[in-house]
Every structure is written in structure tokens, then in C-alpha cells.
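Okay, here's what each chain looks like letter by letter:
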Amino acid sequence: MNNKSIGNFGEERAVEYLKDKNYKILDRNYRALGKEIDIVTMDGNILVFIEVKTRNSKKFGNAAEAVDYFKIQNIVTASINYAISKNLTHYQIRYDIIEYYLKEDYINHIENAFYAL
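Conventions adopted
Residues numbered from 1 in each chain as written. Predicted model: local features only at pLDDT ≥ 70, side-chain atom pairs only at ≥ 80, totals over all residues. Heavy atoms only, no water. Pairing = 2+ DSSP bridges. Helix = DSSP H or I, 4+ residues; strand = E, 2+ residues; numbered from the N terminus. Axes fitted to C-alpha atoms, helices over the stretch in contact; angles between N-to-C directions. Contact = heavy atoms within 4.5 Å. Buried < 20%, exposed > 50% of the residue type's maximum accessible area, 1.4 Å probe, protein only. Polar contact = N/O pair within 3.5 Å; in protein donor to acceptor, adjacent residues only side chain to side chain.

S.K.: Any details on the sheet that holds strand β3 (residues 46-55)? Residues and values, ideally.
M.R.: Pairing is mixed across the open sheet formed by 5 strands, whose spatial order is β1-β2-β3-β4-β5. Each edge of the open sheet is held by one strand with a lone partner, namely β1 (24-32) and β5 (106-114). For this sheet the average axis-to-axis angle between neighbouring strands, irrespective of direction, equals 30°. Sheet topology note: the β3/strand β4 (residues 92-101) ladder contains 10 bridges and is parallel. Considered in β4, the bridge of Ile46 is made with Gln92. This element, helix α2 (residues 69-85), spans β1, β2 (35-43), β3, β4 and β5 of the sheet and lies at about 60° to β2.

See below:
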């Protein structure tokens, strides 16, 4: 599997996981201003923007460690654009990370992983 296939597989697993948790999927791979958000959901009355990181294993560290300052800024910029363009600015916003590890078939959902700076 190449990196793109691995990433897509991880996102599919993340969507299945979120649906099982009764999240409402609003969008996937939303692009704005040259930035991307993997999954946009509603968790009750909270608008949630989710970054999915997929790895074969934890051998080289946790997948969430790849979400650095610049990635966070990109996600926040795109999320603001999303909320404004979809008229969803009245909702509380949350930023999550979902780590998916292929070999273990393991999902780690990190709620409130970061905040808009």
C-alpha cells in the first residue's frame, strides 16, 4: 500500500468509528484557501474538525505528533472558512485528532487535541 492508500484507508476507518459513536458526518476532505480538513462532523451541538493520521504502527512514535504548529494553523484557517461559508458560526468548535494504526487495527480518538491560537 502506498501512503495515499494508507491515508484513505485510515480515513475510512475513522468515519466508520465516528458513525458508530453517533457523530454526524458533514464533510470529508474539505478544501479551502489551499488547506484541507479530513473530516467535519457534528458531535451533538459541537462542530468538530478532525485530522486523521494513519501509520503502520507506533514503532516511530505516535501519529498525532505529525500535527505540528503549521498543520494546526492550516486546519484552523480552513475551519473558520468552513464555518463561515456554511453559516455554522453559532456552534462551538472543537479540534480532534484520530490516530489509526494499521497493524494493530487500533483507533485512538483525541478530543480537544488543540485549540485555535
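Picking up where we left off.
S.K.: A description of the environment of Lys53 should follow, citing residues and the corresponding values.
M.R.: Residue placement: Lys53 occurs in strand β3. Residue classification places Lys53 among the buried positions, given a relative accessible area of 16%. For the pair Lys53 and Ala14, spaced 39 residues apart in sequence, the C-alpha separation works out to 9.6 Å. Looking at Lys53, its side chain comes within polar contact range of the side chain of Glu51, at 3.3 Å.

S.K.: Explain unusual backbone geometry to me, using residue names and the numbers behind them.
M.R.: Residues other than glycine seldom take positive phi values, yet Asn29 does so here, at roughly 50°. Assignment of secondary structure puts Asn29 in strand β1. Even without being a glycine, Asn112 presents a positive backbone phi close to 55°. Positionally, Asn112 belongs in strand β5. A relative accessible area of 37% places Asn112 in the partly exposed class.

Distances and angles like these do not, on their own, reveal function.
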